[in-house]
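Secondary and tertiary structure notes
Chain by chain, the residues run as shown.
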Amino acid sequence: MESNFDKVAGTYDGLARLIFGNSIKKSQVHFLNRIPDSAKVLIVGGGTGWILEELGSIKENLSIDYVDSSNKMMELSKSRNAGGNHVNFIKGSYHQIQSGSYDTIITNFFLDVFDEVELASAIEHFTKLLSDKGIWICTDFQKTGRLYHKVLLWSMHRFFNMLANLQAKKLADFRKLLLNQGLQENERKEYFNGLIYSAIYSLS
Ligand SMILES: C[S@@+](CC[C@H](N)C(=O)[O-])C[C@H]1O[C@@H](n2cnc3c(N)ncnc32)[C@H](O)[C@@H]1O
């Protein structure tokens with residue numbers, strides 16, 4: 001069964017800010033200025049959609065396909081002011097995006113939703129949707145070996161397993177899976193003592 005973030009949509013951003021402070025937002029904003037002008041952008045699992053307002057404040061003329069499977073998340077996202085960018089809202093699973101050649105794909109705290117089996121096929125799916133010179137901005141958690149990070153990750157998984165039917169039971173190594181698809185990591189920035197990272201991947 002797929003995850004469902006409806007129950008947590010109203011509190012998601014506040015909770016994230018409470019636990020991770022500014023890191024959660026800063027990490028997701030860090031590479032947004034690398035999106036090329038007038039780019040065709042795919043945002044998958046965009047959550048409450050605050051990123052649309054952020055993009056609207058730094059870019060215009062982007063053509064954004066914005067996908068999220070949660071009704072509540074989509075409702076919140078549609079109420080955002082996207083500025084001079086055009087947003088095509090797609091309520092449903094990312095599987096609905098079967099074709100396209102995106103200049104930028106954004107997966108922020110999205111890959112961590114899946115178990116290892118679906119994760120590998122999801123990454124393969126998005127790699128096929130990336131244009132030859134496109135960039136994939138991925139922001140997520142990573143293992144650091146620190147005890148308090150392990151406790152935090154464990155607690156978050158239990159919380160979202162219960163309330164959002166999260167598939168993932170533990171954190172996977174996204175970087176390894178992305179590199180396996182022939183992507184290369186061009187730049188990387190870490191936050192919250194390394195627990196959170198944002199990176200740019202591309203095919204060339
Ligand atoms: C952990 S939240 C991250 C939200 C946002 N990117 C952020 O960082 O604030 C994951 C989001 O992915 C969405 N989601 C989960 N499974 C999905 C799927 N198969 N297709 C599209 N969206 C999905 C959820 O509804 C949720 O909004």
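This text goes with the structure placed above it.
Here we summarise the structure given alongside this text. (Residues numbered from 1 in each chain as written. Predicted model: local features only at pLDDT ≥ 70, side-chain atom pairs only at ≥ 80, totals over all residues. Heavy atoms only, no water.)

Observations concerning the pattern of salt bridges
What counts here: We define a salt bridge as a side-chain nitrogen of Lys or Arg found within 4 Å of a carboxyl oxygen belonging to Asp or Glu. Here a helix means four or more residues in a row that DSSP labels H or I, a strand means two or more in a row labelled E, and each is numbered from the N terminus. Three labels apply to residues, based on accessible area from a 1.4 Å probe with only protein chains included: buried if under 20% of the type maximum, exposed if over 50%, partly exposed otherwise in between.
This structure, assessed with the given rule, holds 10 salt bridges. Arg-80 is paired through a salt bridge with Glu-53; the nearest N and O atoms lie 3.9 Å apart. In this pair, Arg-80 is assigned in the loop between helix H4 (71-78) and strand S3 (86-91) and Glu-53 in helix H3 (residues 50-58), connecting sequence segments 27 residues apart. Note that Glu-185 and Arg-175 form a salt bridge whose closest N and O atoms lie 3.0 Å from each other. One end of the pair, Glu-185, is in strand S6 (residues 184-191); the other, Arg-175, is in helix H7 (residues 174-180), with 10 residues separating them in the sequence. For Arg-175, a relative accessible area of 36% translates into the label partly exposed.

Examining the site of the ligand
Put simply, the rule is: For each residue, the test is whether any non-hydrogen atom lies within 4 Å of the molecule or strand; if one does, the residue is near. Each polar contact in these results corresponds to two N or O atoms within 3.5 Å; when the atoms are within protein, one needs to be able to donate a hydrogen and the other to accept it, and residues that are neighboring in sequence are counted only if both atoms are side-chain atoms. Throughout, the Shrake-Rupley method with a 1.4 Å probe supplies accessible areas, and for residues the shown protein chains are the sole cover considered.
Surveying the vicinity of the ligand reveals 20 residues, the closest of which are Gly-45, Asp-68, Tyr-94, Asn-108 and Phe-109. Within the backbone of Asn-108, a nitrogen or oxygen atom sits 2.7 Å from a nitrogen atom of the ligand. For the ligand, the accessible surface in isolation is 600 Å², of which the surrounding protein chains cover 97%.

Things to note about the packing of aromatic side chains
Applicable threshold: Only Phe, Tyr and Trp rings are paired, with Trp represented by its six-membered ring, and only when their centres lie within 6.5 Å; those with planes under 30 degrees apart are stacked, over 60 edge-to-face, the remainder tilted. Charges are assigned to positions over rings by a cutoff of 6 Å between ring centre and Lys NZ or Arg CZ, combined with an angular limit of 35 degrees from the ring normal.
Tallying each qualifying case throughout the model produces 14 aromatic pairs. A centroid spacing of 5.2 Å and a plane angle of 50 degrees characterise the contact between Tyr-94 and Phe-126, whose relative ring orientation is tilted. One end of the pair, Tyr-94, is in the loop between S3 and strand S4 (102-108); the other, Phe-126, is in helix H5 (residues 116-129), and 32 residues separate them in sequence. Comparing Tyr-94 with Phe-126 shows no difference in burial state: the two are buried. Within the aromatic cluster, the residues linked to one another by ring pairs are Tyr-94, Phe-110, Phe-114, Phe-126 and Trp-136. Of note, Lys-40 hangs over the ring of Tyr-102, and the distance from its end group to the ring centre comes to 4.5 Å. A cation over an aromatic ring shows up here: Arg-188 above the ring of Tyr-197, its NZ or CZ 4.3 Å from the ring centre.

Focus on the packing of helix H1 (residues 12-20) against helix H6 (residues 147-164)
To keep it simple, the criterion reads: Fitting a line to C-alpha atoms yields each axis, with helices limited to the stretch in contact; the angle taken between N-to-C directions then spans 0 to 180 degrees. Roughly parallel means an angle under 35 degrees; roughly antiparallel means over 145; roughly perpendicular covers 65 to 115; every other angle is labelled oblique. Take the far helix as the reference: if the near one is turned anticlockwise from it by less than a right angle, the crossing is left-handed, and if turned clockwise, right-handed. Two residues form a contact once any of their heavy atoms are found within 4.5 Å.
Viewed as axis vectors pointing N to C, H1 and H6 meet at an angle of 165 degrees, and their least axial separation amounts to 13 Å. Considering the angle they form, H1 stands roughly antiparallel to H6. For the pair H1 and H6, the sense of crossing is right-handed. Taking contact as the criterion, the partners of Tyr-12, Leu-15, Ile-19 and Phe-20 in H1 are, on H6, Leu-152, Met-156, Phe-159 and Phe-160.

Things to note about the pairing of S6
For a regular strand, the rule is simple: side chains alternate between the two faces of the sheet. Short version of the rule: Strands pair, by our definition, only if DSSP identifies at least two bridges between them.
By the bridge criterion, 7 bridges tie S6 to strand S7 (residues 196-202) in an arrangement that is antiparallel. Residue pairing across strands places Glu-187 opposite Ile-200, the latter belonging to S7. Here S6 folds back onto S7, and the loop between the two strands holds 4 residues, one of which, Phe-192, carries a positive phi near 50 degrees.

Observations regarding the nonpolar core
Note the threshold: By nonpolar core is meant a set of buried Ala, Val, Leu, Ile, Met, Phe, Trp, Tyr and Cys residues that side-chain atoms within 4.5 Å join together.
Leu-42, Ile-105, Phe-126, Trp-136 and Phe-141 are the most contacted members of the largest nonpolar core, which totals 47 residues. Residue assignment for this core shows that the elements contributing at least two residues are H1, strand S1 (40-44), S4, H5, strand S5 (130-141), H6, H7 and S7. Membership of the second largest hydrophobic core comes to 20 residues, among which are Leu-32, Val-41, Leu-52 and Met-74.

Structural notes on the environment of Cys-138
Here Cys-138 is to be found in strand S5. Between the C-alpha atom of Cys-138 and that of Ile-106, which follows or precedes it by 32 residues, the distance is 6.0 Å.

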